[in-house]
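Spelled out from the first residue to the last, the chains are:
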Amino acid sequence: MAAPNQSASALFLREPELRRGMELLYFGNSHITRAIDRGLAEQGLGRAHHRALYFIARKPDLTVSDLLALLNITKQSLGRVLNELIERKLVDTRPGEKDRRQRLLKLTPEGAALESSLFDALRERLSAAYSRAGQEAVTGFWAVLEGLIPPDEMPRVEELRR
């Protein structure tokens, strides 16, 4: 396992260690999202579009209300994003089978191809970072990230893995 540039001190709950973790989260997120920004810009899309594409890809037939809860954005914002994705023929909708008022979301073949190409850019960065850190560090990283999610929201996260 490769060692990080700086290991956490035994006093990892002190402010300097917490601030370092926060800085690494900010910078890491900034760099990983930059990996897809070019592909999104070429399509005239933004990060909100990517988040919607990502979660719809992870869970085909996701309801609009479930996507709204996952993204934690306003109905109006999601409406704009979804309408654009539907107009561009990246996302299809259909009524729910049990509740016809529901709108189920699924990527079109074009939407799946775009989401896949965007994920490829993320995969390269994550794979390289995971490889450098090693399995134990990745497991620890996941544990920290899961610890940031309120317990009542964890079922939603776990649902994506099924």
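About the criteria used
Residues numbered from 1 in each chain as written. Predicted model: local features only at pLDDT ≥ 70, side-chain atom pairs only at ≥ 80, totals over all residues. Heavy atoms only, no water. Helix = DSSP H or I, 4+ residues; strand = E, 2+ residues; numbered from the N terminus. Polar contact = N/O pair within 3.5 Å; in protein donor to acceptor, adjacent residues only side chain to side chain. Contact = heavy atoms within 4.5 Å. Axes fitted to C-alpha atoms, helices over the stretch in contact; angles between N-to-C directions. Parallel < 35°, antiparallel > 145°, perpendicular 65-115°, else oblique. Nonpolar A, V, L, I, M, F, W, Y, C, P; charged D, E, K, R; others polar. Buried < 20%, exposed > 50% of the residue type's maximum accessible area, 1.4 Å probe, protein only. Arc of directions from axis to C-beta. Expected span 1.5 Å × (residues − 1). Bend = angle between axes of the 7 residues up to and from the residue. Phe/Tyr/Trp six-rings, centres within 6.5 Å; stacked < 30°, edge-to-face > 60°.

Quick word on the side chain of His49
Logical step 1: Here His49 shows up in helix α2 (residues 47-58).
Logical step 2: A distance of 2.9 Å separates a polar side-chain atom of His49 from the backbone nitrogen of Gly46.
Logical step 3: Once residues within four sequence positions are removed from consideration, His49 is found in contact with Val81, Glu84 and Leu85.

Section: the packing of α2 against helix α5 (residues 109-133)
Logical step 1: Contact geometry for α2 and α5: axes closest at 10 Å, N-to-C directions at 100°. The angle between the axes of α2 and α5 places the two elements in the roughly perpendicular class. Counted together, His50, Leu53, Tyr54 and Ala57 of α2 and Leu114, Glu115, Leu118, Phe119 and Leu122 of α5 form the full contact between these two elements.
Logical step 2: Taken together, the residues that form the contact of α2 with α5 break down as seven nonpolar, one polar and one charged.

Focus on helix α3 (residues 64-71)
Logical step 1: Those residues of α3 not exposed but buried are Leu67, Leu68, Leu70 and Leu71. The arc that holds the buried residues of α3, viewed along the axis, is 165°, so those residues lie on one side.
Logical step 2: If you follow the buried residues of α3, they end up packed against α2, β1 (62-63), α4 (75-87), β3 (103-107) and α7 (154-161).
Logical step 3: A positive phi of about 55° marks Asn72, the residue just after α3.

As for helix α1 (residues 15-43)
Helical periodicity: at 3.6 residues per turn, an α-helix aligns residues three or four positions apart in one direction.
Logical step 1: For α1, with 29 residues, the first-to-last C-alpha span of 42 Å sits near the 42 Å given by 1.5 Å per residue.
Logical step 2: Along its length, α1 reaches its greatest deviation from straightness, about 35°, at Ile36.
Logical step 3: Those residues of α1 that fall on the buried side of the exposure criterion are Glu17, Ile32, Thr33, Ile36 and Leu40.
Logical step 4: Here the buried face of α1 lies against α2 and α5.

Section: the packing of aromatic side chains
Logical step 1: As enumerated under the stated definition, the model contains two aromatic pairs in all.
Logical step 2: A ring pair is formed by Tyr54 and Phe55, whose centres lie 5.2 Å apart and whose planes are at 85°; its orientation type is edge-to-face.
Logical step 3: Take Phe55: its relative accessible area is 16%, and that puts it in the buried class.
Logical step 4: Summarising the aromatic geometry, the rings of Tyr130 and Trp142 are spaced 6.3 Å apart at their centres and angled 65° between planes, so their arrangement reads as edge-to-face. Taken together, the residues span a long stretch of sequence, with Tyr130 in helix α5 and Trp142 in helix α6 (residues 135-148) at a distance of twelve residues.

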